[in-house]
Amino acid sequence: MNRFSDNKALAGNSLWKDARLRLCRNRAAMVSLFFLLAMVAACYVLPATPWIDPPNRMELANVTAGPSWEHPFGTDQLGRDLLARVLYGGRISLLVGLVATAVSLVIGLTYGLVSGYAGGRTDSMMMRAVDVLFALPFIVLVIVFSLSIEEPSRELTDWLVESTGWAREDVAPMTSLVPLFVAIGALGWLTLARIVRTQTMEIKGQDYIVAARSLGLGHLRILFSHIAPNLFGTVVVYTTLAVPGIMLLESVLSFLGLGVKAPNSSWGTLIKEGADRMEVSPELLLFPALFFSLTLLALNFLGDGLRDAIDPRASKD
């Protein structure tokens, strides 16, 4: 019995178990996590319930009404329920943040892995290309790229309508988001590529990588089976910190009229509409801005908590 107790006491925790324990002790991160889960559930589940009106149903006799039992957030300038539009707008804002981040993850992770593993002249040329893109104004590039792929997006809409027989009003709202996904995701990978490249250069000199090479493993297998899994913590932290930045960029583009197109709405378009009528109906700005700000704040707190939890230098304090 004593020997068993001694062995149990000597058995240490794994890095991931330590990380989970540190994350659970971080109250701000845990509150943020539960808040984000509740926000996702509210945006994707509540609109399916019968007590939430369709977001585009107009009541012209009830225009810009204040909060009431029937409309808890009031109505907008066309008599549409603001609560429904905020929830549906949250769907699009969260979707843009997640999909565009996923696109940037795929590009940045692959680019950084190849650059860091190859080294030498290849690494130098790839990083100089990143430096050139960093020197250009990011939001201008996103706007130009987004406008340049609007025509292919319309062609995609026509093709889907012809090949599937679906109604254009059902297809167009989703395909209209494709330029936004591609533009933000295809240009938002630069920071991740630098981070992944630096860590790859550190990892490729480790003994287990040298052993893998000596066993004759191919470069692709070493990259994606031995190096990439060790970047999981970095990717998770980057994702939680990148999503709010991309959501903020989407709101800026929507505020400029270059993001989500009507009749769809995102938190960015709702904030723009509310800002135009702030003096008459301040609730049109207050509620979408409050949802948007709290979500961004929660994502940042969660990202900070994950960074502190996963950082190996903080383990075994």
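About the cut-offs
- Residues numbered from 1 in each chain as written.
- Predicted model: local features only at pLDDT ≥ 70, side-chain atom pairs only at ≥ 80, totals over all residues.
- Heavy atoms only, no water.
- Helix = DSSP H or I, 4+ residues; strand = E, 2+ residues; numbered from the N terminus.
- Buried < 20%, exposed > 50% of the residue type's maximum accessible area, 1.4 Å probe, protein only.
- Areas by Shrake-Rupley, 256 points an atom, 1.4 Å probe, with all protein chains shown as cover.
- Lys, Arg positive; Asp, Glu negative; His and termini not counted.
- Charge placed at Lys NZ, Arg CZ, Asp CG, Glu CD.
- Core = buried A, V, L, I, M, F, W, Y, C linked by side-chain atoms within 4.5 Å.
- Contact = heavy atoms within 4.5 Å.
- Phe/Tyr/Trp six-rings, centres within 6.5 Å; stacked < 30°, edge-to-face > 60°.
- Axes fitted to C-alpha atoms, helices over the stretch in contact; angles between N-to-C directions.
- Left-handed = near helix turned anticlockwise from the far one by under 90°.
- Nonpolar A, V, L, I, M, F, W, Y, C, P; charged D, E, K, R; others polar.
- Salt bridge = Lys/Arg side-chain N within 4 Å of Asp/Glu carboxyl O.
- Polar contact = N/O pair within 3.5 Å; in protein donor to acceptor, adjacent residues only side chain to side chain.
- Expected span 1.5 Å × (residues − 1).

**Student:** Hey, could you go over the overall build of the protein chain for me, with residue numbers and the actual values?
**Tutor:** Helix and strand content of the protein chain: 15 helices and 0 strands. Viewed in the frame of its principal axes, the protein chain has a C-alpha envelope of about 75 × 55 × 40 Å. Scored against the burial criterion, the 317 residues of the protein chain give a buried share of 42%. Here the protein chain has roughly 17300 Å² of accessible surface; of this, 66% comes from carbon and sulfur atoms. Where the 26 positive side-chain charges of the protein chain centre and where its 27 negative ones centre are 13 Å apart.

**Student:** Go over the nonpolar core with me, naming the residues and quoting the values.
**Tutor:** The biggest cluster of nonpolar side chains holds 34 residues, and the ones touching the most others in it are Phe-73, Val-86, Met-247, Trp-267 and Phe-291. Among the secondary structure elements, those contributing two or more residues to this core are α2 (15–25), α3 (27–45), α4 (82–118), α13 (232–255), α14 (267–276) and α15 (283–310). The element contributing the most residues to this core is α15, with 12 residues. When residues no more than four places from it in sequence are discounted, the contact partners of Val-86 are Phe-73, Trp-267, Leu-270, Pro-288 and Phe-291. Counting 16 residues, the second largest nonpolar core, distinct from the first, contains Leu-105, Ala-212, Ile-222 and Tyr-238.

**Student:** Outline the packing of aromatic side chains, supporting the account with residue identities and numerical values.
**Tutor:** Taken as a whole, this structure holds 5 aromatic pairs when the rule is applied. Look at Trp-267 and Phe-291: their rings are 6.4 Å apart centre to centre, the planes differ by 65°, and that puts the pair in the edge-to-face class. Residue Trp-267 is located in helix α14, and its partner Phe-291 is located in helix α15; the two are separated by 24 residues in the primary sequence. The exposure classification of Trp-267 matches that of Phe-291, with both residues buried. Ring geometry for Trp-267 and Phe-292: centres 6.2 Å apart, planes at 65°, overall edge-to-face. Of this pair, Trp-267 sits in helix α14 while Phe-292 is found in helix α15, placing the two residues 25 residues apart along the sequence. Three or more aromatic residues joined by ring pairs form one cluster here, namely Phe-73, Trp-267, Phe-287, Phe-291 and Phe-292.

**Student:** Can you tell me about the packing of α4 against helix α10 (residues 190–203), naming the residues and giving the values?
**Tutor:** Between α4 and α10, the least distance of the axes is 7 Å, while the angle of their chain directions is 35°. α4 and α10 meet at a crossing whose hand is right-handed. Residue-level contacts link Ser-104, Leu-105, Gly-108, Leu-109, Tyr-111, Gly-112, Leu-113, Ser-115, Gly-116 and Tyr-117 of α4 to Leu-192, Ala-193, Val-196, Arg-197, Thr-200 and Met-201 of α10. The residue makeup of the contact of α4 with α10, split by class, is 9 nonpolar, 6 polar and 1 charged.

**Student:** Talk me through the side chain of Lys-204; I want residue IDs and the actual numbers.
**Tutor:** Within the element layout of this structure, Lys-204 appears in the loop between α10 and α11 (207–214). No salt bridge is formed by the buried Lys-204; the nearest opposite charge belongs to Asp-123, separated by 7.2 Å. At 3.0 Å, the side chain of Lys-204 and the backbone oxygen of Gly-116 are in polar contact. One polar contact links the side chain of Lys-204 to the main-chain carbonyl oxygen of Tyr-117, over a distance of 3.4 Å. Among residues more than four places away in sequence, those in contact with Lys-204 are Gly-116, Tyr-117, Ala-118, Gly-119, Ile-209, Arg-213 and Ile-227.

**Student:** Before we move on, can you summarise the pattern of salt bridges with the specific residues and values?
**Tutor:** Summed over the entire model, instances satisfying the criterion amount to 9 salt bridges. Here Asp-123 and Arg-197 are joined by a salt bridge, their closest N and O atoms 2.7 Å apart. Taken together, the residues span a long stretch of sequence, with Asp-123 in helix α5 (residues 120–135) and Arg-197 in helix α10 at a distance of 74 residues. Of the residues examined, Asp-123 reaches a relative accessible area of 6% and is grouped as buried. A single network of salt bridges, built from pairs that share partners, joins Asp-76, Arg-80, Arg-85 and Glu-273.

**Student:** Can you explain α3? Please cite residues and give values.
**Tutor:** Over its 19 residues, α3 extends 26 Å from the first C-alpha to the last, a length consistent with the 27 Å expected when each residue adds 1.5 Å. Taken together, the buried positions of α3 are Ala-29, Met-30, Ser-32, Leu-36, Met-39, Ala-42 and Cys-43. Looking at where α3 begins, the residue whose side-chain oxygen comes 3.3 Å from the main-chain nitrogen of Ala-28 is Asn-26.

**Student:** Summarise the environment of Pro-288; cite the residues concerned and give the values.
**Tutor:** The topology assignment puts Pro-288 in helix α15. It is 20 Å that separates the C-alpha atoms of Pro-288 and Thr-49, two residues lying 239 residues apart in sequence.

**Student:** Can you tell me about the packing of α14 against α15, naming the residues and giving the values?
**Tutor:** Across the interface, α14 lies against α15 with an axial gap of 8 Å and an inter-helix angle of 145°. Remark: the crossing between α14 and α15 carries left-handed chirality. On the side of α14, the interface is formed by Trp-267, Leu-270, Ile-271, Gly-274 and Ala-275, while α15 contributes Leu-284, Leu-285, Pro-288, Ala-289, Phe-291, Phe-292 and Thr-295. The residue makeup of the contact of α14 with α15, split by class, is 10 nonpolar, 2 polar and no charged.

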